[in-house]
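Breakdown of the fold
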Amino acid sequence: MTDRDRHNLLRCVVRIAAKSDRPYPARLKSLAKFLAKSYLLPSVTIYLTDDKSTNLSRLTSTACTGTLRSCAIPAGEGGAGLCAASKTRLHHDADRLHADEQRTGAESRFLYLPVVVGERLIGVVALGLAEKIPLPPKVLASLDDVIPVAAGIIQGLRLSSLSERTVRDMTVLSELGQLLNRFIPPEALIPFVLQACKKLSVACCTMVRLTGDGGLPAGLHRSSTQRVRPYLSRLLEVEESSSEKLLGSSAPLLAGNLLPDANLPPSYACMRLHFETQTLGTMTFFGKCRDGGHGSVFDDEDLALFESMALLISNALAGTASFRQMSDLSAENDKKVKELSLLYRISNTMLSTIKLNKLIHLILSALTSGANPFFDRAMLFLINERSGVMQGMLGVTRETSTGLITPFAEIEDILASRWDISENDMVRQRDSEFSRHVMASRLELNKALNVASRAVLEKRLIFVSRAARERRVDRDFIRRFGITSFAVAPLMARERVVGVIVVDNTLQGRPITQEDLRFLQLFANQAGMAVENSILYNRVEDANRELCEAQERLIQGERLATIGEMAAGIAHEMKGPLVAIGGFARRLANNLPQPSGERECADLIVREVLRLEKMLTDILSFSKKTTICYTPCNMCEIINDALAVVHLSLKEMNIRVHKNFPKNAAIFLGDCQQLKQVLINLFLNAEEAMKNGGDLHIKVAPSVLDGSKAVSVKIADTGGGIPLEVLNNIFNPFYTTKDTGTGLGLPIANRIITNHGGKIRVNNKPGSGVEFTVVLPLRA
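Within each chain, residues carry numbers counting from 1 in the order of the written sequence. With the structure being a predicted model, the display of local features is reserved for residues of pLDDT at least 70 and the display and counting of side-chain atom pairs for 80 or more, all residues being used for whole-chain, interface and lining totals. In computing side-chain properties, one takes all heavy atoms of the structure into account and sets aside hydrogens as well as water.

Scanning the protein chain from N- to C-terminus turns up 19 helices and 24 strands. Across the 780 residues of the protein chain, 44% fall into the buried class. Of all intrachain contacts in the protein chain linking residues separated by at least 6 positions in sequence, the fraction that spans at least 24 positions is 64%. To measure how exposed things are, a 1.4 Å probe is used in the Shrake-Rupley method; for residues, cover is taken only from the protein chains shown. Surface summary for the protein chain: the accessible area is close to 41000 Å², and the carbon and sulfur share equals 53%. Helix and strand assignments follow DSSP, with helices taken as H or I runs no shorter than four residues and strands as E runs no shorter than two, numbered in order from the N terminus. Throughout, exposure labels follow a simple rule: accessible area from a 1.4 Å probe, protein chains only, divided by the maximum for the residue type, with under 20% read as buried, over 50% as exposed, and the rest as partly exposed. Any two residues whose heavy atoms approach within 4.5 Å at even a single point are treated as in contact.

What follows is the structure, encoded as structure tokens:
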């Protein structure tokens, strides 16, 4: 073997060791295959020592399948054991090997190389030789290069295994802790613990012996795999003997290789179950499970894991005993406190809000929220006296109420506490599938058709234990919500029923008790008063708002009338002098040479006079009462006439006009000239908004206005829309954002449309454009 071959071989070995995408056992297997192929050997086997470096416990070999398997080769036995004991290189004949040493049958001799890190043996590399001729020195030297690389892989495997075991043990404890933190009925705790231990631990049989102290019944409980069940009698003898020894001392017992039968687990661990100073019993684990015919025994790490598990289980047992003693005592008191606190807090909550929508959410959430809600589902219907039906307002389940309301509170907080619900939670409840079905429901006020109507008309709570057998129920309503049994409570206020609450326990199938019905009756009385007060308050608030709006309109009308009269007088007085100024300015401009500074000044005077005259004309038009001359009008013709006026300016601004007219002419009664002025104003506003060009869309279509036939005109531009801070003022007189505007274009247009009995609407799209819609009735 040349130095170059030696270098290439070492490079390949290092590459195998450095393959981080492959697990360490696979790297060892690849190394063995590579060595067998490179040196033309019948077999290569790599043995690994146990944690105490006394025996060879695992191997990987080209002579067997799999990446890593168990073995049991004591130090000093066979070729590999002798190498492990002496930590030196040695040869050994193939006919004097340990039973667990791997061979193919083609070997006549083996060369064993110890893998040592510091002074600690971590493995042995066995090379199967076809002949008894020693390997050349250069080959041995190259093998000396390979051994450190193999040591690195073995060390990585040991560290990886240790890390995985630590993580596995912590995961076991974490999962066991999470399982035991659940609510488990006392009678089911021991079977649950045994099942959890069977699932999480490496034991093939687990036994729990309770002494009968601490409120737990005495007895022996066990769980085992199918393989060891035929030998349970032998394991029971070992467990009984170990428990007696353990109860006489405090130290846990760990025994390995003490069960001679090959069918029995090779080791067991027994520890005490105790809470504080009280002994609850013992717990015994048998195992480990066998692998490849060799049973690995429990070690100190397993014992530490079992002790931690026993501690968790002891706490769970103690907690279960305490729970059993306290649960019966506290159940009745908890229910009374829950009812009283809930009733008082719902009263405080009802007094804290006047919003009917929020009040309904709070009422239904109070019935379905908390760790142990009163009911699984609740629905609220309000009566519409005009139509004679009950309208579904909201439906809430225990899932949509989770975390919103907690009926239990500290006693000192009850008097001052009340609930609240966020807007997001209300939206979540309202958008649930159950609530949408409720809001889409209508129940006719006829007690022959449904139970809810009977509860309203008879003004009493009604409980239906079996909906399928009840005659006077709405079958469609029952099927739609999957109701089996339910209760209906009327919401009453001052001898008047305003609605009903429907509750059931369909989700969990829990029966509705008399205590539940008694509480529902008390609750419905409180809720009925709150709903009635909210409805009355909303009516008063609506009436007050309408009154304020009417008063504001009167004040605004008087203010505008005064301003109009004053503006009309001023405009009339100023129009005469302006006409004279304009006339003389035009004559002066015609007599001045062009171009000259004097001619430019005269032209400026003429333009400003024209602007002032237009402003005065707008003011006079807005201030005086106009008379509508009704004639048959064709909306498409009016639009074309208005476009003809602004055609040139639109073309100069590079504005493209898109018209969408119906096939049949849109004929209606109106003043064509006034409506033409409206459209011109709207077109000019669009032109002003699209100074850099754009698209002007005009669409005429049939429409409906206050239930009567109408025609609509939509005028949309691409000018970027109206700023939000300006939008509310666009129809106010004299409000303008233009440098030369009067602020009367849209107010005049609005007044003309209003006088025609129509409406003008604005659809603002910030960043895109604005769309004005004019709707006019076909008949005056």
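This paragraph deals with the sheet that holds strand β24 (residues 769-777). Spatial strand order, β19-β21-β22-β24-β23: five strands in an open sheet with mixed pairing. Strands with a single pairing partner mark the edges of an open sheet, and in this sheet they are β19 (655-660) and β23 (759-765). Averaged over all adjacent pairs, the angle separating strand axes in this sheet is 20°, with direction ignored. Note that β23 and β24 share seven bridges and pair antiparallel. What sits directly across from I760, in β24, is V774. A fitted line through C-alpha atoms serves as each axis, taken over the contacting stretch for helices, and the angle formed by two N-to-C directions is quoted from 0 to 180°. Each of β23 and β24 is contacted by helix α19 (residues 745-755), which is oriented at about 30° to β24, the strand it contacts most. Whether two strands pair comes down to DSSP finding at least two bridges between them.

This part is about the sheet that holds strand β16 (residues 486-493). The strand order across the open sheet formed by six strands is β14-β13-β12-β17-β16-β15, and the pairing between neighbours is antiparallel. Strand pairing shows two members of the sheet lacking a second neighbour, β14 (442-444) and β15 (462-464), which therefore form its edges. Each adjacent strand pair in this sheet contributes to an overall mean axis angle of 25°, direction not counted. Two strands pair when backbone bridges link them, and strand β12 (residues 377-384) and strand β17 (residues 496-504) are joined in this way by six bridges, in the antiparallel orientation. Within β17, the residue paired with R377 across the bridge is D504.

Turning to the state of the cysteines, a few remarks are in order. Defined simply, a disulfide is a covalent bond joining two cysteines at their sulfur atoms. Disulfides are defined as pairs of cysteine sulfur atoms found within 2.5 Å of each other. Inspection of every chain in the model, using the stated rule, returns one disulfide. One disulfide bridge connects C633 with C672, the sulfur atoms lying 2.5 Å from each other. Taking the torsion about the sulfur-sulfur bond, which here is approximately -110°, the covalent link between C633 and C672 counts as left-handed. You can see C633 sitting in strand β18 (residues 631-634) and its partner C672 sitting in helix α17 (residues 672-689), a full 39 residues away along the chain. Look at C633 and you get buried, because its relative accessible area is 0%. On the basis of relative accessibility, which here comes to 22%, the residue C672 falls in the partly exposed class.

This paragraph deals with the side chain of N764. You can see N764 is positioned in strand β23. A polar side-chain atom of N764 sits 2.8 Å from the main-chain carbonyl oxygen of I722. Here N764 is in contact with G721, I722, L724, L727, G769 and V770, once residues within four sequence places are set aside. For the purposes of these results, a polar contact is taken to be a pair of N or O atoms within 3.5 Å, where, inside protein, one atom must be able to donate a hydrogen and its partner to accept one; residues adjacent in sequence count only when each atom of the pair is a side-chain atom.

This part is about the packing of aromatic side chains. Classification of ring pairs rests on two measures: the distance between centres of Phe, Tyr or Trp rings, Trp counted by its six-membered ring, which must be within 6.5 Å, and the angle between planes, read as stacked under 30 degrees, edge-to-face over 60 and tilted in between. With the rule as written, the count across this model stands at nine aromatic pairs. A centroid spacing of 6.0 Å and a plane angle of 25° characterise the contact between F110 and Y112, whose relative ring orientation is stacked. Here F110 and Y112 have matching classes, each one buried. The interplanar angle of 5° and the centroid separation of 4.1 Å between the aromatic rings of F285 and F306 together place this pair among those described as stacked. With F285 in strand β11 (residues 278-287) and F306 in helix α7 (residues 300-352), this pair connects stretches of sequence that are 21 residues apart. The rule is short: NZ of Lys or CZ of Arg within 6 Å of the ring centre and within 35 degrees of the ring normal puts a charge over the ring. Just above the ring of Y24 sits the side chain of R27; from NZ or CZ to the centre is 4.3 Å.

With that out of the way, let us pick up empty space enclosed by the protein. Think of a 1 Å grid over the protein atoms and nothing else: a 1.4 Å probe that fits but is trapped marks a cavity, an open set flanked by protein within 12 Å on at least five of seven lines marks a pocket, and residues with an atom within 4 Å of a point count as lining. Grid points are joined across faces, edges and corners, and a volume is the space filled by probe spheres set on the points. Following the criterion strictly, the structure yields three cavities of 30 Å³ or more and no others. Of the voids in this model, the largest cavity is the one considered here, and its volume is about 70 Å³. As for the largest cavity, its lining consists of L443, N450, V451, A452, V473, D474, F477, I478, F486, V488 and V502. Those elements that place two or more of their residues in the lining of the largest cavity are α12 (451-458), α13 (475-481) and β16. Broken down by class, the residue content of the lining of the largest cavity amounts to nine nonpolar, one polar and one charged. For this classification, the nonpolar set comprises Ala, Val, Leu, Ile, Met, Phe, Trp, Tyr, Cys and Pro, the charged set comprises Asp, Glu, Lys and Arg, and every other residue, Gly included, is treated as polar.

With their axes 9 Å apart at the nearest point, helix α2 (residues 24-38) and helix α4 (residues 137-181) run at an angle of 160° to one another. In terms of orientation, α2 and α4 fall into the roughly antiparallel class. The hand of the α2/α4 crossing is left-handed. Packed against α2, whose contacting residues are Y24, P25, R27, L28, L31 and L35, the element α4 presents V146, A150, I153, I154, G156, L157 and S160 at the interface. A breakdown of the residues in the contact of α2 with α4 according to their chemical character gives 10 nonpolar, two polar and one charged. Angles below 35 degrees are treated as roughly parallel, those above 145 as roughly antiparallel, those between 65 and 115 as roughly perpendicular, and all remaining angles as oblique. Definitions for this section: a left-handed crossing has its near helix turned counterclockwise from the far helix by less than a right angle. A right-handed crossing has that turn clockwise.

As paired elements, strand β9 (residues 253-256) and strand β10 (residues 267-275) share four bridges and run antiparallel to each other. Looking across to β10, one finds that L253 is bridged to C270. Of the strand pairs in this sheet, β10 and β11 are connected by nine bridges, and their pairing is antiparallel. Note that in β11 the partner of Y268 across the bridge is F286. Count of turn residues in the β10/β11 antiparallel hairpin: two residues, of which E276 carries a positive phi of about 55°.

Here we take up a positive patch on the surface. Here the term patch refers to residues with relative accessible area over 30% and no salt bridge, with like charges joined within 9 Å and nonpolar side chains (Val, Leu, Ile, Met, Phe, Trp, Tyr) within 5 Å. What counts as a salt bridge is simple: a side-chain nitrogen of Lys or Arg found within 4 Å of a carboxyl oxygen of Asp or Glu. The charged-residue count follows a simple rule in which Lys and Arg add positive charge and Asp and Glu add negative charge, with His and chain termini not counted at all. Where a charge sits is defined by one atom per residue type, namely NZ (Lys), CZ (Arg), CG (Asp) or CD (Glu). Positive charge collects at one region of the surface, where R4, R11, R15, K19, R22 and K33 lie side by side. Looking at the positive patch, the element that brings in the most residues is helix α1 (residues 3-17), giving three residues.

Where helix α8 (residues 356-368) contacts helix α10 (residues 423-430), the axes come no closer than 11 Å and their chain directions differ by 70°. Here α8 is positioned roughly perpendicular relative to α10, judged by the angle of their axes. Contacts from N357, K358, H361 and S365 of α8 reach α10 at M426, Q429 and R430.

Now for α2. Each residue after the first adds 1.5 Å to the expected span of a helix. The terminal C-alpha atoms of α2, which comprises 15 residues, lie 21 Å apart, in line with the 21 Å expected from a rise of 1.5 Å per residue. Considered for burial, the residues of α2 that qualify are P25, A26, R27, L28, K29, S30, L31, A32, L35 and A36. The secondary structure elements touched by the buried residues of α2 are α1, β1 (43-49), β2 (55-61) and α4. Directly after α2, the chain includes L40, whose backbone phi takes a positive value near 55°.

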